Amino acid sequence: MFFWIIQRDLLLAVRRRSDVLTTLFFFVIVVSLFPLSIGPEMNLLRTMAPGVVWVAALLASMLSLGRLFSSDYLDGTLEQMLLSSQSLSILVLGKALAHWLVTGVPLALMAPVLGIQYDLSVDALLVLVISLLLGTPVLSLIGAIGAALTLGLRGGGVLVSLLVLPLYIPVLIFGAGAVEANMAGVSYDAHLSLLGAFLLVSLVLAPWATAASLRVSLE
Amino acid sequence: MLQGINLACVRGDRRLFKAVNFTLEAGGLMQVHGPNGSGKTSLLRMLCGLSSPALGEIIWCGTSIHDLKGEYFANLTYIGHLSGTKDDLTVLENLRVSSALAGERVSEAQARDALAHMGLNGREFLPAKVLSQGQRRRVALARLLVCKTKLWILDEPLAALDVIAVQLIQELLERHLAEKGLVVMTTHQAIDVAAASTVHLRLL
């Protein structure tokens, strides 16, 4: 069932490539705007890079949250999911994982190319990718809670950002912190370990919270 | 088997219905009648466990459905107003995915048979977005052919269907009832389904 839902969501993403590409291009454009507006000041750009890339990743992943449940909600598939004899948390976990595969992973793979604009070293780019790969699934999992809570509300898109962005802050701090630590020449293990810990906690708690919110939203 | 005791439904500060009681035995059909806005869909969603009644209890085989949860869902097929068809998937994929969600693995051949039976022969590989309302309905109802559940809860299954499709659904319901299945449905159209016992529930 878990794999069915991932397979279905990936198939839907392939059929609607524009949704995936808009998120990715949003990320590319936001990250590229900063070097263009600031000019070729290498030191300044290098200091800014981790923060800018991470903030852009947060916004891009949030941008796609609206679609996570809304289309299933509108066509009635979500009702069927609630009536599945399988645990709803497992289905939600599958959906969040599929969301990460189509938004988080492309962002993480695109980041090193964009990082070149900021004159980041190869080492720093590598840490950036690792931190994004650890951090973006947390964004999808936490975002799913917000998306489930605001399901069917008018103006839910703005509300979801108000709900979810504060919860993203720890991920942002340690994600960007890992890259900064690497550039400063100190160990970044602690940052990555904490990101990993966030991931484990949200893997356990977020699907359960999302399932509960979905049941409330559909009542 | 399915029993409703003193059910009441409140939406906002309006009470849609109260003191609804019924008992449905194996092989029984319950038709819910009532004008628009009388709470038919709310009652059916309650029977599915999608929402909980303001008062009263729903009993399946002697146990409250609130305690059964997944075990009850495994016995249930609900087809609501929203057909649950995905515009971007083909007809065949839609049927296989929705059956998989209901916990029934359907092979491609089985799915094609079911679709052919519903008169969708030759349209298996069309994306659902090009279908008409009636055809979408047929895709949703094709699930009844592949899912072997005991209780069917159908909200306006005949909406948008043509005469031939209504005939098909009637036969399908009769076969299910003859096999000791249970059906709860609402409809505004006249349909004459032969059943071991028929309960007519009227909401005001």
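Remember, predicted model here, so these are calculated numbers, not experimental data.

## A few points about the overall build of chain B
No. 1: What chain B contains, in helices and strands, is eight helices and nine strands.
No. 2: Taken over the C-alpha trace, chain B has a radius of gyration of 17 Å; the compact-globule value for 204 residues is 17 Å, and the two agree within 12%.
No. 3: Judged by the C-alpha coordinates and their principal axes, chain B covers about 50 × 35 × 30 Å.
No. 4: Residues classed as buried in chain B amount to 44% of the 204 residues present.
No. 5: Sequence-distant contacts, at least 24 apart, represent 71% of the contacts inside chain B between residues at least 6 apart.

## Observations concerning helix α2 (residues 17-38) of chain A
Within an α-helix, residues lying three or four positions from one another point in the same direction, as the helix has 3.6 residues per turn.
All names here are of chain A.
No. 1: The end-to-end C-alpha separation of α2 is 33 Å, in line with the 32 Å expected for 22 residues at 1.5 Å each.
No. 2: For α2, the set of buried residues is Thr23, Phe27, Val31, Phe34 and Pro35.
No. 3: Looking at the residues trailing α2, positive phi occurs at glycine 39, about 90°.

## So, the interface of chain B and chain A
No. 1: Facing the 21 residues of chain B at the interface are 18 residues of chain A.
No. 2: Counting only elements with at least two residues in the side of chain B that touches chain A, the list comes to α3 (70-73), β6 (76-79) and α4 (91-101) of chain B.
No. 3: Examining the composition of the side of chain B that touches chain A, we find that four residues originate from one element, α4 of chain B, more than from any other.
No. 4: In terms of residue class, the side of chain B that touches chain A is made up of 11 nonpolar, eight polar and two charged.

## Let's talk about the nonpolar core
No. 1: Core analysis: the largest hydrophobic core is formed by 127 residues, its most contacted members being Val53 of chain A together with Ile153 of chain B.
No. 2: Tallying contributions element by element places helix α7 (residues 122-149) of chain A first for this core, with 15 residues.
No. 3: Counting residues domain by domain, this core receives three or more from each of domain 1 (1-75 + 151-204) and domain 2 (82-149) of chain B.
No. 4: When neighbours within four sequence positions are excluded, isoleucine 153 of chain B is seen to be in contact with Leu44, Leu47, Cys48, Leu76, Tyr78 and Val184 of chain B.

About the criteria used
Residues numbered from 1 in each chain as written. Chains lettered and ligands numbered in written order. Predicted model: local features only at pLDDT ≥ 70, side-chain atom pairs only at ≥ 80, totals over all residues. Helix = DSSP H or I, 4+ residues; strand = E, 2+ residues; numbered from the N terminus. Rg over C-alpha atoms; globule rule 2.2 N^0.38 Å. Buried ≥ 20, exposed ≤ 12 C-beta atoms within 10 Å, placed from the backbone. Contact = placed C-beta atoms within 7 Å. Expected span 1.5 Å × (residues − 1). Nonpolar A, V, L, I, M, F, W, Y, C, P; charged D, E, K, R; others polar. Core = buried A, V, L, I, M, F, W, Y, C linked by C-beta atoms within 7 Å. Domains from an automatic or database assignment.

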